[in-house]
Amino acid sequence: MTKKAKKRTADLSVTITALILGCIIVFPVIYCIFGAFKTRVEFGSYPPAFLPDSFANLDNFKEALDKTPLLRYMFNSLIVACLGTAVRMTFSVLAAYSFAFFDFKGKKFLFLVVLATMMLPGDTLMVTNYLTVSRLNLLDTYLGMCITSFVGASQMFMLRQNFRTIPRALRDAARLDGCSDLRFLRSVVLPVSRPVLLTLCVQSFINLWNAYLWPLLVTNRDEMRTVQVGVTMLTAVGNTNYHLILAAVTLTLLPSFGMFIILRKNIVKGMTSGALVG
Amino acid sequence: MTLQKKNLRRQNGRAVQRAIRRRRQIKPYLYLVPIIFFAIAFVYYPFGKTFLYSFCTVNAKGQITGFAGWENFAYLFQHRNFKIALLNTLKLTAMFVPLNLCVSLGLALLCNQKRRLSGVYETMFTLPMAVPMSAAAMIFKILFNPTVGYINYFLGIQLGWFEDRKVAMYGILILCLWMGMAFDFLLFLSALRAVPDQLLEAASLDGAGFFTKLFRIRIPMIMPTALYVICTNMVLSMMTSGPVMIITEGGPSRATTTLIYMMYTSGYQSSDYSLAACISIVTFLLTFGMTALALVFDSRRTCYE
């Protein structure tokens, strides 16, 4: 066998192995989507079939939408994720600007105060935060659902790193021309760092969209549930209605997959770069 | 203009300048007010309060009624459920961290070289990242169901994955691996691709085989990434609660009760806030200790740049 042929067979075997592994990894998702097209009878039969009888059977989706306020859940999630991202990004931008362009007393200390929030896992603070939020009468409100995620230390850090690449002389020159700091931020700093901003926004949005534990804690009314919480409460349509549950889960996966496909590059970049500084 | 007026104007000018300077001094802090305020209100204050609660008796409304000293902790360490939850969590972490490391590193090594279809299988490997935890838990709940699920039929076994006391934790482990793998795979992939080619080529010329190159060059070069993955995964698996909450609710007979799940049940459902605070402090200290240990271990290692 020549060296080239040997390499080609090695390549082929690696590709085939990778594809098989890939199929195993993707299997649960495919199973969920196929299951959404199955009827109750198909779920009851043994042996369980992998493929549904027909892909034209959309009754499950209709029934799932009828029986559960799925669209309302998605709307709630959208509001919470947008509000949380907007506030978190605003706070992070302001703080990052201050850390990047000003010199002041206690700068290092305050920087550490913000960064150290990453060391305290939110899950361990949940119960006390629940008490605070309930005392503020924010249970079952959109604000209550995202108020604990307003501090984005990693976002702030990434933004500061990015802002530091903008020369300070530029700001001094702008100030001599009578340009205020906020205006400089708005018309120079933000446009220059648009790629990073976009990446961080996407990352933060997905983060909040996927949140489960906290929204579960602070919502009691059904119409305020987010989609991640709502989807696990589908036992309301009957514990054995697997076809309906899978149809609803498939519907909730659609926006997530949409985001994943459109913004894949951004997500990957944001996650890896965000991770490596941590 | 008289001298007096001139002096007055000069004084005014100084006052204005001073005001401007003061404003300039305050400004940096003004930009920081929002983030610091929320950091204190929702991170440091609750942490301090949790600490306080763990040493006090607290009523069902969350008000402190008295000082308890170490009694809460003594009560907690005697608690039967706590021992079970602690062991379960440590067991899960001990299995999850190395397994996840092996699987994600293995997949990354497989994909390291770019091939014709690498785009396809790389996307397949990263797809679980797009699935939110709750959706994944619901899918696995049905997929591993002993009667209608596909896994038992496919493997030809009869196993109540989430109903059997002995295997329930492994079911949770599989779900956690499936969810956590994709991200770490990406981290390893980008780290592996950043290993300089000339090093590997030089080693090849010296007659190094695949495994020599792997253990002598690639793995030492990606150690920083590996350390990051290990640390985040330790924190992640110590905090496991979502899948447990959705699929097993801590059961069967407490076999999947984790620390955070126990904290949730005792704090949120039974309103025993001091017990919940104790669990939270113990979990935090354990996680913190593990991460610190990993970092100390790392600092003894030689650095390759």
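About the cut-offs
- Residues numbered from 1 in each chain as written.
- Chains lettered and ligands numbered in written order.
- Predicted model: local features only at pLDDT ≥ 70, side-chain atom pairs only at ≥ 80, totals over all residues.
- Helix = DSSP H or I, 4+ residues; strand = E, 2+ residues; numbered from the N terminus.
- Rg over C-alpha atoms; globule rule 2.2 N^0.38 Å.
- Buried ≥ 20, exposed ≤ 12 C-beta atoms within 10 Å, placed from the backbone.
- Contact = placed C-beta atoms within 7 Å.
- Core = buried A, V, L, I, M, F, W, Y, C linked by C-beta atoms within 7 Å.
- pLDDT = per-residue confidence, 0-100.
- Domains from an automatic or database assignment.
- Axes fitted to C-alpha atoms, helices over the stretch in contact; angles between N-to-C directions.
- Parallel < 35°, antiparallel > 145°, perpendicular 65-115°, else oblique.
- Nonpolar A, V, L, I, M, F, W, Y, C, P; charged D, E, K, R; others polar.

Helix and strand counts for chain A stand at 15 helices and 0 strands. Since a compact globule built from 278 residues should have a radius of gyration of about 19 Å, the 24 Å found for chain A marks it as more spread out than a globular shape. Each principal axis of the C-alpha distribution contributes one length, and for chain A these read about 75 × 70 × 35 Å. Taken over 278 residues, chain A has a buried fraction of 40%. Expressed as a percentage of contacts within chain A between residues at least 6 apart in sequence, the contacts between residues at least 24 apart total 77%.

Residue and element names in this part refer to chain B. Positionally, Ser54 belongs in the loop between helix H1 (3–53) and strand S1 (56–58). Residue classification places Ser54 among the buried residues on the basis of 23 C-beta atoms within 10 Å. Along the sequence, Ser54 and Cys176 sit 122 residues apart, while their C-alpha atoms lie 30 Å from each other. If we skip the residues at most four places from it in the chain, Ser54 touches Asn72, Ser274, Ala277, Cys278 and Ile281.

To continue, consider the nonpolar core. Formed by 148 residues in total, the largest nonpolar core has its most connected members in Ala95, Ala248 and Val249 of chain A together with Ile139 of chain B. With near-sequence residues (within four places) excluded, Ala248 of chain A lies in contact with Ala64, Thr68, Leu70, Val231 and Leu234 of chain A.

A separate point is helix H8 (residues 153–163) of chain A. Among the 11 residues that make up H8 of chain A, 8 are buried, leaving the element largely enclosed by the rest of the structure. Taken as a whole, H8 of chain A has its buried residues at Ala153, Gln155, Met156, Phe157, Met158, Leu159, Arg160 and Phe163 of chain A.

Time to look at the interface of chain B and chain A. Between chain B and chain A, the residue contacts involve 64 residues of the former and 69 residues of the latter. With 17 residues, H1 of chain B is the largest single contributor of residues to the side of chain B that touches chain A.

To continue, consider the confidence of the model for chain B. Do not read the fine detail of predicted coordinates wherever pLDDT is low. Residues and elements named next belong to chain B. Confidence in the prediction of chain B, expressed as mean pLDDT, is 85, and 95% of residues score 70 or more. Considering each helix and strand of chain B separately, the mean pLDDT is smallest for helix H6 (residues 150–155), with a value of 78, and largest for helix H3 (residues 80–111), with 92. Across the interface, the model reports ipTM at 0.83; the global pTM reads 0.85.

This brings us to the domain arrangement of chain A. With domains assigned, chain A is organised as domain 1 (3–62) and domain 2 (70–232). Put simply, the middle of domain 1 of chain A and the middle of domain 2 of chain A, counted by C-alpha atoms, are 38 Å apart.

All names here are of chain B. With a phi angle near 65°, Arg254 is a residue other than glycine that sits in the positive phi range. Here Arg254 is to be found in the loop between helix H11 (242–248) and helix H12 (259–269). With a phi close to 55°, Ser271 is a non-glycine residue in the positive phi region. Residue placement: Ser271 occurs in the loop between H12 and helix H13 (273–299).

Angle between the axes and distance between the axes: these two values describe a pair of packed helices. All names here are of chain A. In contact at an axis separation of 8 Å, helix H3 (residues 59–67) and helix H14 (residues 242–262) are set at 85° when each is read in the N-to-C sense. Of the possible angle classes, the one that applies to H3 and H14 is roughly perpendicular. For the pair formed by H3 and H14, the contact residues are Asn60, Phe61, Glu63 and Ala64 on the first element and His243, Leu244, Ala247, Ala248 and Leu251 on the second. Residue classes in the contact of H3 with H14 are distributed as 6 nonpolar, 2 polar and 1 charged.

Let us now look at the environment of Val229 of chain B. All names here are of chain B. Among the structural elements, Val229 can be located in helix H10 (residues 223–238). Among the residues examined, Val229 registers 24 C-beta atoms within 10 Å and is labelled buried. Linking Val229 and Gly209, residues 20 residues apart in sequence, is a C-alpha distance of 27 Å. If sequence neighbours within four positions are ignored, Val229 has contacts with Leu101, Asp184 and Leu187.

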